[in-house]
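Spelled out, the chains give:
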Amino acid sequence: MDNIDRPNGFTCITPHAKAHWYQADASKTNVIGIGDAVHMETDGYLIMATAGATIRGIVKGVRTATWGYVEDSDGLLLNYLPAATAGWVWVIDDPRARFVIQTDGYTTGTTSVAKSCEGSNFDILATTCDTSTGRSKHEIDADGDSYVADPTLTRQLRVIGLYDAPNNAYSTSSDGQWTRLEVEINEHELKTTSGI
Amino acid sequence: MANHDNPHGFTKISGRAPVWYQKDATSSALLVVGDPVKVETDGYVVRAAAGGVFRGVIEALKSTTGKVVNQLGAAVAGNVSVCDDPDATYKAQDNAGGTCNQACVGTNADFIVANGDTLTGKSACEIDGSTYANTAAQVRIVELWKGIDGNTINAVGNHCEWVVTPNESDLKSTTGI
């Protein structure tokens, strides 16, 4: 049975060090959803990570400083942090935590994801979250990167292995990608001795 | 009293839970518990060689049918449970290949590999005593293991048991495989 296309960002699958609350300001370009990768800017505030950026961690929760919850102008409770709303973001920032994340679709002419991708590095495809559910839509950019050509390139994620679950396998069919992989953050901001 | 010569590979002291990897039927070496392994470009693990990066240490082995085994032959595929925590600590023996003294604490060293015992499934890998240096090498010597080695209190010197931690774990580098 083909893999199902259901991007939902990063889901942590290992015990991890205590998650931390970080601040996000109201000048963000993008919303921040649960399961999104986030990046710390030089002003000390977090934004949604884009492809190629260093990653501080993965979002577990959001709240505002004033109320402890996030709401829109109509008073509707939200489970994501809008771009123009300042607030706090609860982040799994353990550099050794591992996550499950889906690969994006297969593009004809590129190399399909296979066993040989284990150990290689990939960047993320940073689609903004679903504002109905608040859930991330981040994926591994598998068709945008020719990992076979140069698997040693430094990229955001390191693939550890295939996620062990029903209906999840390496697939070469054009509509059968969307493989769920176990990954570790490779370009983690806390893995480098450089500051921000 | 001299330390007991009892190579056993790497015995985990601390570190996170292991992860299952796969071994294919084309590797060149037998795998047993306590052997260090690396991930090859095809995504399968093999026994790590002396020098160079490695992924971690074997904690358990299973056949492709799920049966727990004490070894996987070179031409035998199977599943390998690996502690791949780059910050894990292990107990490993010095092979008496060089000068082993208190000054080795804090240095780096490579391991020396050999086929494990096919009867007991015990690893024969050791710390290569000829490689203690402050330049990059596979493991960092953390401290002397404080315990009784056989019927001898472990002491710095030939065949002593060191506490080591991975230095050249491939997960400590941002370069992929």
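Structural data are supplied above this passage.
Residues numbered from 1 in each chain as written. Chains lettered and ligands numbered in written order. Predicted model: local features only at pLDDT ≥ 70, side-chain atom pairs only at ≥ 80, totals over all residues. Heavy atoms only, no water.

(A) Structural detail: the pattern of salt bridges. Tallying each qualifying case throughout the model produces twelve salt bridges over all chains. A salt bridge links Glu184 of chain A to Arg16 of chain B, with the shortest nitrogen-to-oxygen separation between them at 3.5 Å. With Glu184 of chain A in strand S14 (residues 180-185) and Arg16 of chain B in the loop between strand S1 (11-14) and strand S2 (19-23), this pair bridges two chains. Judged by relative accessible area, which is 21%, Arg16 of chain B ranks as partly exposed. A cluster of three or more residues bridged by salt bridges with shared partners is formed by Arg96, Arg98, Glu184 and Lys191 of chain A together with Arg16 and Asp84 of chain B. (Salt bridge = Lys/Arg side-chain N within 4 Å of Asp/Glu carboxyl O. Helix = DSSP H or I, 4+ residues; strand = E, 2+ residues; numbered from the N terminus. Buried < 20%, exposed > 50% of the residue type's maximum accessible area, 1.4 Å probe, protein only.)

(B) Spotlight on the sheet that holds strand S1 (residues 11-12) of chain A. Residues and elements named next belong to chain A. Ordered in space as S1-S9-S14-S13-S10, the five strands form an open sheet in which the pairing is antiparallel. Edge positions in the sheet fall to S1 and strand S10 (121-122), since each of these pairs with one other strand and no more. Looking at chain direction, S10 and strand S13 (residues 157-162) are connected through two bridges and run antiparallel. Looking across to S13, one finds that Asn121 is bridged to Arg158. (Pairing = 2+ DSSP bridges.)

(C) How the structure looks around the pairing of strand S8 (residues 87-92) of chain A. Residue and element names in this part refer to chain A. When strand S2 (residues 20-24) meets S8, the two strands line up antiparallel, connected through five bridges. Directly across from His20, in S8, lies its bridge partner Val91. Bridging between strand S5 (residues 57-63) and S8 involves five bridges; their strand directions are antiparallel. By the bridge assignment for S8, Gly61 is matched with Trp90.

(D) Spatial organisation of the packing of aromatic side chains. Residue and element names in this part refer to chain A. Under the counting rule described, the total for this entry stands at six aromatic pairs over all chains. Plain terms: the ring middles of Trp21 and Trp90 are 5.5 Å apart, the flat faces sit at 10 degrees to each other, and that makes the pair stacked. Taken as a pair, Trp21 in strand S2 and Trp90 in strand S8 lie far apart in primary sequence, 69 residues in all. Note on Trp21: relative accessible area 36%, which makes it partly exposed. (Phe/Tyr/Trp six-rings, centres within 6.5 Å; stacked < 30°, edge-to-face > 60°.)

(E) How the structure looks around the layout of surface pockets. Quantified by volume, the largest pocket comes out at close to 680 Å³. Around the largest pocket, the lining is made up of 24 residues, and of these Ile160, Leu162 and Glu182 of chain A together with Val19 and Trp20 of chain B lie nearest the centre. Elements with a minimum of two residues in the lining of the largest pocket: S13 of chain A together with S2 of chain B. At four residues, the largest contribution of residues to the lining of the largest pocket is made by S2 of chain B. Considering only residue class, the lining of the largest pocket consists of ten nonpolar, five polar and nine charged. Taken as a whole, the second largest pocket spans an internal volume of roughly 260 Å³. Every residue lining the second largest pocket is counted, 15 residues in all, and those nearest its centre are Arg6, Asn8, Val100, Tyr163 and Arg180 of chain A. It is strand S9 (residues 98-102) of chain A that provides the largest number of residues to the lining of the second largest pocket, a total of three residues. Of the residues in the lining of the second largest pocket, the class split is seven nonpolar, six polar and two charged. (1 Å grid on protein atoms, 1.4 Å probe; cavity = no way out; pocket = protein on both sides within 12 Å on 5 of 7 lines; lining within 4 Å. Points joined across faces, edges and corners; volume = space filled by probe spheres on them. Nonpolar A, V, L, I, M, F, W, Y, C, P; charged D, E, K, R; others polar.)

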